[in-house]
Amino acid sequence: MGRRVVLLIGSAALVVLVSLFALRPPAPRAQGVDVFLNVTAGGGKKLNIAIPDFTVVAGNDSSANARLLASVAGADLTFSGLFNVVAATGAIPVNNPDALKQSWTEFAAAGAHAGVHGLLTVRGDRLETEIRVYDLTSPEFRLIATRRFELPASVPRRLAHKIADEIVLQFTGEPGVADTKLAYVRGPRGAKEIYVADYDGANPVAVTRNGTINLSPVWSPDGRSLAVTSYVKGYPDLYRFFPFERRPEQILAAFAGINSSPAWSPDGKSIAVTLSKDGNPELYVLNVATGVFRRLTRHVGIDTDPSWAPDGRQITFVSDRNGTAHIYVMDSEGASVRQITTGAMQTQPRWSPKGDVIAYTTRQGTHDIWVVNADGSNPRRLTTGSGNSQGPSWAPNGRHLFFQTDRLGGWQIFAMFADGSEQAPITRGPGDFTSPSWSSRLP
Amino acid sequence: MGTRFSHVVLGSLLIAAVAATACAKRPATTQASAPAPTGAAGTTGGTGAAPARPSDFTSPGSSGTTSSAQPSTAAPTTSGGTATPVRPSPREFSEVAELRDINFDFDKYDIRPGDARVLDSNATWLKGNPNHLLLIEGHCDERGTNEYNLALGERRAKSAMNYLVSQGVQANRITIISYGEERPLCTEHTEECWAKNRRAHFLVKPR
């Protein structure tokens, strides 16, 4: 008979002993063990998890990846907001059940609810890993999941991100967002280039090196390409770059006027874009396969900054048709236009991947990030304090946002939770970092 | 083993609702709109003017404008401009002392009366030098956000263009370009500086 273990985790943010209740539900639905990571709204309830250094099973770990995998995956789990990572040093010996049990006993005593035993085999230029997830709240430290991952030794951080995302999946039913990418603009005004980095800011790589102005990178839903407005030919034209391939960029739109503010449809087949070729900035939808543009808006004012609802049926955008820039919603054919915000100047609406809310930037003296329900109700502010915060970009699970802020001086990319909590820098270093775009989970 | 472990999708994950704070209501300002767009946006001439129909919010539907991309999306290119409209490179244009900048109020693109006199003077010079092509740059201050400012700079350049055309300068001599907030004249974070940056700038080149 299956048994369900329910972990009700206390709300402390630090590693503390918390109340655990093992319950026997009257009618178990599934065989085996169901673990509930009870994370509730208003929560802060986290699961304490131990990830000691990986155990090297075979091969020569000359790059100390056994430690890197544990530390990077641990940082990912901490960032997720779902876990507290219990501090650990050293690795669990290989093939030693008694040592394993002793380790878990000590971690359980330190408050850990779960333990991850990582095994690493270095085989040529490949890193092969196996992770074993244990329930430390069960007296016998039951093994509850085993997974294997393998990647080239050149990308150990990505391997750690995939492991972390799997652990999040095991405990929540939805994978984490560590194996994703951040695109952004770097450089001062007049000399801005596009970069791509891991979601945590590591491994930055230049995508453009044309010495002109490159703006508004936006990931395609498959995570393979970026739509970018570039002045490489002198005028603001729309391009598609392929940062992971030896493939030249494509010109998507080079009409007279601006070709700006791209937004991929959720199915990746279309790009909403602002063109002024017909007189003033209007929204169009480009069919990427056919190159045909379909006009959506028809108004003397500015219409720009489109973002698609996750079902692809609606588009939010900015218009100044009532005198000040505000957030509007229309269907993806351009009909049923309605204004959903009022008040100060508002731009950069970005529809949440969950569909329920729209993040945007409000200018009231300084700029701050807000969210509003998609029906226009309950606008609420996420950033406060000194400096400007703008350019929101959602994580694929809707739990986090990237944004740019100059609160520390120059512009940097920060991340925060969707409720505005835990705002922390992602990028560091000289030069302005702006216009973040968070990719989908990589394939 | 390990697949016995079943997932439980959690409801709302830690998304705590922050206190609902309503936007401060402010009467919407009604701004004087720029002259209605006329003519093509550039010297390329291939694009017609959109009729100004403020009340037409609805889908163009089957009657909407459908146009092919100028360049084929299948044409991978860094050399790429082959199918792009013939636009003179902005680098070919240079300043002349007789053509003066005009400036704009924050988040506005209508021509102020004093600036109209500047444009009258610019128009007189342009009509007296018909062998010159004109590039109008539209610029914004650093406030506001990039994509909106690109559109705002475009509107400013277009407002200046429309005014010059209304004064008898041929539209097919004029190309416009928006730099949004990307090329400020002045980089301090002051109103004095911002006011200088909210501008239309005029450059010429011989035909």
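Let us look at the structure shown here. (Residues numbered from 1 in each chain as written. Chains lettered and ligands numbered in written order. Predicted model: local features only at pLDDT ≥ 70, side-chain atom pairs only at ≥ 80, totals over all residues. Heavy atoms only, no water.)

### Some details on the overall build of chain B
Spelled out, the test is: The way it works is that DSSP assigns letters per residue, a run of H or I at least four long becomes a helix, a run of E at least two long becomes a strand, and they are numbered from the N terminus. Each residue's exposure class comes from its accessible area (1.4 Å probe, protein chains only) as a fraction of the maximum for that residue type: buried when under 20%, exposed when over 50%, partly exposed otherwise. For accessible areas, the Shrake-Rupley method is used with a probe of radius 1.4 Å. Any residue's cover is judged against the shown protein chains and nothing else.
Counting its secondary structure elements, chain B contains 3 helices and 5 strands. Along chain B, from the amino end to the carboxyl end, the secondary structure elements read β-β-α-β-α-β-α-β. For chain B, with 207 residues in total, the buried portion stands at 49%. Here chain B displays about 9,600 Å² of accessible surface, and carbon together with sulfur accounts for 54% of that area.

### What to know about the state of the cysteines
A covalent bond bridging the sulfur atoms of two cysteines is what the word disulfide describes. Residues and elements named next belong to chain B. Using the following cut-off: The disulfide criterion is simple: two cysteine sulfur atoms within 2.5 Å.
This structure, assessed with the given rule, holds 1 disulfide over all chains. Note that Cys186 is cross-linked by a disulfide to Cys193, the S-S spacing being 1.8 Å. Between Cys186 and Cys193 the disulfide shows an S-S torsion of about -115 degrees. By sign, it is left-handed.

### Regarding the packing of helix α1 (residues 65–80) of chain A against helix α3 (residues 156–172) of chain A
Residue and element names in this part refer to chain A. Test applied: Interaxial angle, 0 to 180 degrees, is taken between N-to-C directions of lines fitted to C-alpha atoms, where a helix line uses only the stretch in contact. To sort the angles, those under 35 degrees are grouped as roughly parallel, those over 145 as roughly antiparallel, those from 65 to 115 as roughly perpendicular, and the leftovers as oblique. In a left-handed crossing the near helix is turned counterclockwise from the far helix by less than a right angle, and in a right-handed crossing that turn is clockwise. For this analysis, residues touch if any pair of their heavy atoms sits within 4.5 Å. Gly is placed with the polar residues, together with every amino acid not listed as nonpolar (Ala, Val, Leu, Ile, Met, Phe, Trp, Tyr, Cys and Pro) or charged (Asp, Glu, Lys and Arg).
For the pair α1 and α3, the least separation of the axes is 8 Å and the interaxial angle reads 45 degrees. It follows that α1 is oblique to α3 by the angle criterion. In this structure, α1 meets α3 at a crossing whose hand is right-handed. Where α1 approaches α3, its residues Asn65, Leu68, Leu69, Val72, Ala73, Asp76, Leu77 and Ser80 are matched on the opposing element by Pro156, Arg157, Leu159, Ala160, His161, Ala164, Ile167 and Val168. Here the residues of the contact of α1 with α3 are counted per class, giving 11 nonpolar, 3 polar and 2 charged.

### A word on the sheet that holds strand β2 (residues 102–103) of chain B
Residues and elements named next belong to chain B. What counts is decided by this rule: Note on pairing: DSSP must find at least two bridges between two strands before they are called paired.
Pairing within the open sheet is mixed, and its 4 strands lie in the order β2-β5-β3-β4. Two strands in the sheet have a free side with no partner beyond their single neighbour: β2 and β4 (174–180). Sheet analysis places β2 next to strand β5 (residues 199–206), joined by 2 bridges and oriented antiparallel. Note that in β5 the partner of Asn103 across the bridge is Arg199. This element, helix α2 (residues 146–166), spans β2, β3 (132–139), β4 and β5 of the sheet and lies at about 155 degrees to β4.

### What to know about unusual backbone geometry
Residues and elements named next belong to chain A. Phi at Ser336 takes a positive value of approximately 60 degrees, unusual for a residue other than glycine. Turning to its location among the elements, Ser336 is positioned in the loop between β23 (326–331) and β24 (338–339). For Ser336, a relative accessible area of 49% puts it in the partly exposed group. Here the phi dihedral of Ser435 falls at roughly 55 degrees; this positive angle occurs in a residue that is not glycine. Positionally, Ser435 belongs in strand β33 (residues 433–438).

### Concerning the pattern of salt bridges
Keep this limit in mind: Salt bridges are identified by distance alone: a Lys or Arg side-chain nitrogen within 4 Å of an Asp or Glu carboxyl oxygen.
Applying the stated criterion across every chain, the model contains 32 salt bridges over all chains. Arg147 of chain A is the partner of Glu166 of chain A in a salt bridge, and the nearest nitrogen-oxygen pair spans 2.8 Å. Highlighted residues: Glu166 of chain A in helix α3 and Arg147 of chain A in strand β9 (residues 142–152), separated in sequence by 19 residues. Between Glu191 of chain B and Arg198 of chain B there is a salt bridge, and its shortest N-O distance comes to 2.9 Å. Overall, Glu191 of chain B belongs to the partly exposed group, its relative accessible area being 41%. What emerges from the salt-bridge pattern is a single network uniting Asp222, Arg224, Glu245 and Arg247 of chain A.

### What to know about α3 of chain A
All names here are of chain A. For clarity, the threshold we go by: Take the number of residues in a helix, subtract one, and multiply by 1.5 Å to get its expected span.
For α3, spanning 17 residues, the distance from its first C-alpha to its last is 24 Å, which sits close to the expected 24 Å at 1.5 Å a residue. With 14 of its 17 residues buried, α3 lies for the most part within the structure. Once α3 finishes, Gly173 follows within two positions and takes phi at roughly 90 degrees, a positive value.

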